[in-house]
Amino acid sequence: MIIAVDGTAASGKGTLAKRLADHFHLAHLDTGGLYRAVALRVLRLPFPADEALTHAASEASQLTHDDLNHADLRLETTSAMASRVASIPAVRQALLAYQQDFAANPPNHASGAVLDGRDIGTIILPNADIKFYCDAEIEIRAQRRHKELISRGETATYADILAGIAARDNRDMNRPVAPLKPAEDAIRINTGKYAIDQMVEQAMTYIVSPE
Ligand code: CDP
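To start, this report covers the structure provided alongside it. (Residues numbered from 1 in each chain as written. Predicted model: local features only at pLDDT ≥ 70, side-chain atom pairs only at ≥ 80, totals over all residues. Heavy atoms only, no water.)

1. Structural notes on the packing of aromatic side chains
Centre distance and the angle of the planes are the two values used to describe a pair of aromatic rings.
(1) Moving on: In this structure the tally under the stated criterion is 1 aromatic pair.
(2) Moving on: When the ring of F132 is compared with that of Y206, the centres are 6.4 Å apart and the planes differ by 70 degrees; the resulting orientation is edge-to-face. Pair noted here: F132 is in strand β4 (residues 130-135) and Y206 is in the segment after α11 (196-204), with a separation of 74 residues, a long-range link.
(3) Moving on: Classification of Y206 as partly exposed rests on a relative accessible area of 40%. (Phe/Tyr/Trp six-rings, centres within 6.5 Å; stacked < 30°, edge-to-face > 60°. Helix = DSSP H or I, 4+ residues; strand = E, 2+ residues; numbered from the N terminus. Buried < 20%, exposed > 50% of the residue type's maximum accessible area, 1.4 Å probe, protein only.)

2. Overview of the side chain of E59
(1) Moving on: If you trace the backbone, E59 turns up in helix α4 (residues 56-60).
(2) Moving on: Look at E59 and you get buried, because its relative accessible area is 11%.
(3) Moving on: Contact partners of E59, with chain neighbours within four places excluded, come to R41, V42 and L45. (Contact = heavy atoms within 4.5 Å.)

3. Topic: the environment of P89
(1) Moving on: Looking at the secondary structure, you find P89 in helix α7 (residues 89-104).
(2) Moving on: P89 sits in the partly exposed class, given a relative accessible area of 46%.
(3) Moving on: On a C-alpha basis, the gap between P89 and Y133 in space is 23 Å, while along the polypeptide they are 44 residues apart.

4. Brief notes about the site of the ligand
(1) Moving on: Neighbouring the ligand are 19 residues; K13, R36, R92, R168 and D172 lie closest to it.
(2) Moving on: R168 has a polar side-chain atom sitting 2.7 Å from an oxygen atom of the ligand.
(3) Moving on: For the ligand, the protein covers 98% of the area, taking 530 Å² as the surface of the free molecule.
(4) Moving on: Applying the majority rule of atoms within 2 Å of the grid points places the ligand in the largest pocket.
(5) Moving on: Elements represented by at least two residues in the shell around the ligand include exactly α2 (32-43), α6 (76-85) and α10 (158-174). (Near = heavy atom within 4 Å. Polar contact = N/O pair within 3.5 Å; in protein donor to acceptor, adjacent residues only side chain to side chain. Areas by Shrake-Rupley, 256 points an atom, 1.4 Å probe, with all protein chains shown as cover. 1 Å grid on protein atoms, 1.4 Å probe; cavity = no way out; pocket = protein on both sides within 12 Å on 5 of 7 lines; lining within 4 Å. Sits in = over half its atoms within 2 Å of the grid points.)

5. A word on the environment of E76
(1) Moving on: Along the polypeptide, E76 turns up in helix α6.
(2) Moving on: Separated by 71 residues in sequence, E76 and V5 have C-alpha atoms that sit 22 Å apart.
(3) Moving on: Ignoring any residue separated from it by four or fewer positions in sequence, one finds E76 in contact with R145, L149, E154 and I161.

6. Section: the packing of α2 against α6
(1) Moving on: In the contact formed by α2 and α6, the axes pass within 8 Å of each other and the chain directions differ by 100 degrees. One finds that α2 runs roughly perpendicular with respect to α6. Residues Y35, R36, V38, A39, L40, V42 and L43 of α2 form the contact with α6, whose own contacting residues are T77, T78, S79, M81, A82 and V85.
(2) Moving on: Within the contact of α2 with α6, the residues separate by chemical class into 9 nonpolar, 3 polar and 1 charged. (Axes fitted to C-alpha atoms, helices over the stretch in contact; angles between N-to-C directions. Parallel < 35°, antiparallel > 145°, perpendicular 65-115°, else oblique. Nonpolar A, V, L, I, M, F, W, Y, C, P; charged D, E, K, R; others polar.)

7. Quick look at the side chain of D172
(1) Moving on: Following the sequence through the fold, D172 ends up in helix α10.
(2) Moving on: Side chain to side chain, D172 and R175 meet in a polar contact 3.4 Å long.
(3) Moving on: In this structure D172 touches S83, R118, P179 and L180, once residues within four positions along its chain are discounted.

8. Details of helix α1 (residues 13-24)
(1) Moving on: Taking 1.5 Å per residue as the helical rise, α1 with its 12 residues ought to reach 16 Å, and the 16 Å between its terminal C-alpha atoms agrees with that figure.
(2) Moving on: The complete set of buried residues in α1 reads K13, L16, A17, L20, A21 and F24. Down the axis of α1, the buried side of the element spans an arc of 130 degrees, and every buried residue falls inside it.
(3) Moving on: Contacts from the buried residues of α1 go to β1 (2-7), β2 (27-30), β3 (113-117), β4, β5 (187-190) and α11.
(4) Moving on: Where α1 ends, the next residue or the one after it, H25, has phi of about 55 degrees, a positive value. (Expected span 1.5 Å × (residues − 1). Arc of directions from axis to C-beta.)

Written out as structure tokens, the structure reads:
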């Protein structure tokens, strides 16, 4: 079983994907983490941002296990750079095969995979068995992300988070390559209306388990 979960920034798609993977014993890939890892490598290059971005595709082709587990992946500065590297077609191309291979050959002999991101149902896995598209009002998403960052000890203001999410959504939806949009056959979930358990339950009603 292959499940695609796409959606706007901080919409809860990662939480939904992880919960579905746990429930159905599927492998889970947070594809945003790949773009975040490329962003961290770009941020560490000893060049000004515009010049460093010209090396992004080459950095994308060199990702290691350590890059994907770096402690700074979820920082707001990383989020902002992630959406910049994600708009570079050569970066997306460099990460395509890894994602498709993860779904075709899930680790640990899992019987399938859940991938979450922006273009999973549209570009990466157009033949996924089931596709979800998560969204919620931007103020709700910003409140949730603000709470999450504060609980991790980051010092972000609500206004900055709101502006960061708006800028990312705008860039993600309007880039020419693999823009964020619901696949035609995606099931849309308004995650603002639900607590986590309810959101997961609602999504589950669409999935017929092979078990
Ligand atoms: O968790 P959050 O929604 O804030 O972000 P994320 O899923 O970790 O993704 C970070 C950034 O990576 C996004 O703003 C996108 O620009 C980019 N991304 C993408 O372009 N395609 C994907 N499949 C996943 C993420």
